[in-house]
Amino acid sequence: MSTQEFASDSGAAIADTSSADGDEQFAMLELAMVVASRTNPRTYFDPVKLNELADSIKATGVHQPVLVRLLPADRLQETFADRKKSAPLPSHEIVAGERRYRASKLAGVSTIPAMIRRLTDDQVREIQLIENLYREDLSALEKAEGFHQLMTLSNLSAEEVGAKFKKSRAYVYAYVKLLELTQEPREALQAGKIDPSIALPIARIPDAKLQKKALAEALKRDWKDEPDHSVRS
């Protein structure tokens, strides 16, 4: 693995020493030369946690490098148009680690450690989907959408997706099935009024009105404020 730095004005490599396989290298990149990805499935970043991470970066720096690739040619015009006149031309795109990148900007640091890798658009999407699926705060519907996108965009089978997360094919299919929930049950699941074990049998009902009726039954509570129905019932 090599260490390479890039000039802020031109983006040219200061020390160009390729890694053994030529596919990956380490660099301290200026934040102004890095832009967020257009395909990251994660769109919400908790501002409180982001500020906590920024405080940590101010104190001790970024401990884990972000993953980037050279900026795709089709984004050059876009980034050129968006940048300030005095700013360096962006040269790299975040693949994984956008939370660290955003927190670094909040922390006011000028550089970020990065692993630079040659990646196609398809490889980028797969890496981003997998990284997103490992989030601890991922909702059931976000997980369902992630599994579905891996199967469709990356052309993976349910077995192959499950193998990446040490889960069974049935586990993957069960989550993907949640995408067949109609609006009311989907909102109830998102709000935590029902859990995936209750949402799944509702999702298997191929009729919107009956799904709504089943949801009403699932939401019934007894005098102890406990659910009237078990998953089985």
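## Structural notes on the confidence of the model for the protein chain
- For the protein chain, mean pLDDT is 85; residues scoring 70 or higher make up 85% of the total.
- Per-residue pLDDT stays below 50 along residues 1–21; that stretch engages in 41 contacts with residues further than four places along the chain or on separate chains.

## Some details on the packing of helix H5 (residues 140–153) against helix H7 (residues 169–177)
- Their axes nearest at 8 Å, the elements H5 and H7 cross at an angle of 110 degrees. Comparing their axes, H7 and H5 come out roughly perpendicular. Helix-helix and strand crossings are classified by hand; for H5 and H7 the assignment is left-handed. Contacts between H5 and H7 involve Ala140, Lys143, Ala144, Phe147, His148 and Met151 from the former and Tyr171, Val172, Tyr173, Tyr175 and Val176 from the latter.
- Looking at the contact of H5 with H7 residue by residue, the classes come out as nine nonpolar, one polar and one charged.

## Remarks on the pairing of strand E5 (residues 92–96)
- Taken across its five residues, E5 has five buried, putting it largely inside the fold.
- Note that strand E3 (residues 34–35) and E5 share two bridges and pair parallel. What sits directly across from Val34, in E5, is His92.
- Note: strand E4 (residues 66–70) against E5, four bridges, orientation antiparallel. From the neighbouring strand, Leu70 faces E5, where its bridge partner is His92.

Criteria and cut-off values
Residues numbered from 1 in each chain as written. Predicted model: local features only at pLDDT ≥ 70, side-chain atom pairs only at ≥ 80, totals over all residues. Heavy atoms only, no water. pLDDT = per-residue confidence, 0-100. Contact = heavy atoms within 4.5 Å. Axes fitted to C-alpha atoms, helices over the stretch in contact; angles between N-to-C directions. Helix = DSSP H or I, 4+ residues; strand = E, 2+ residues; numbered from the N terminus. Parallel < 35°, antiparallel > 145°, perpendicular 65-115°, else oblique. Left-handed = near helix turned anticlockwise from the far one by under 90°. Nonpolar A, V, L, I, M, F, W, Y, C, P; charged D, E, K, R; others polar. Buried < 20%, exposed > 50% of the residue type's maximum accessible area, 1.4 Å probe, protein only. Pairing = 2+ DSSP bridges.

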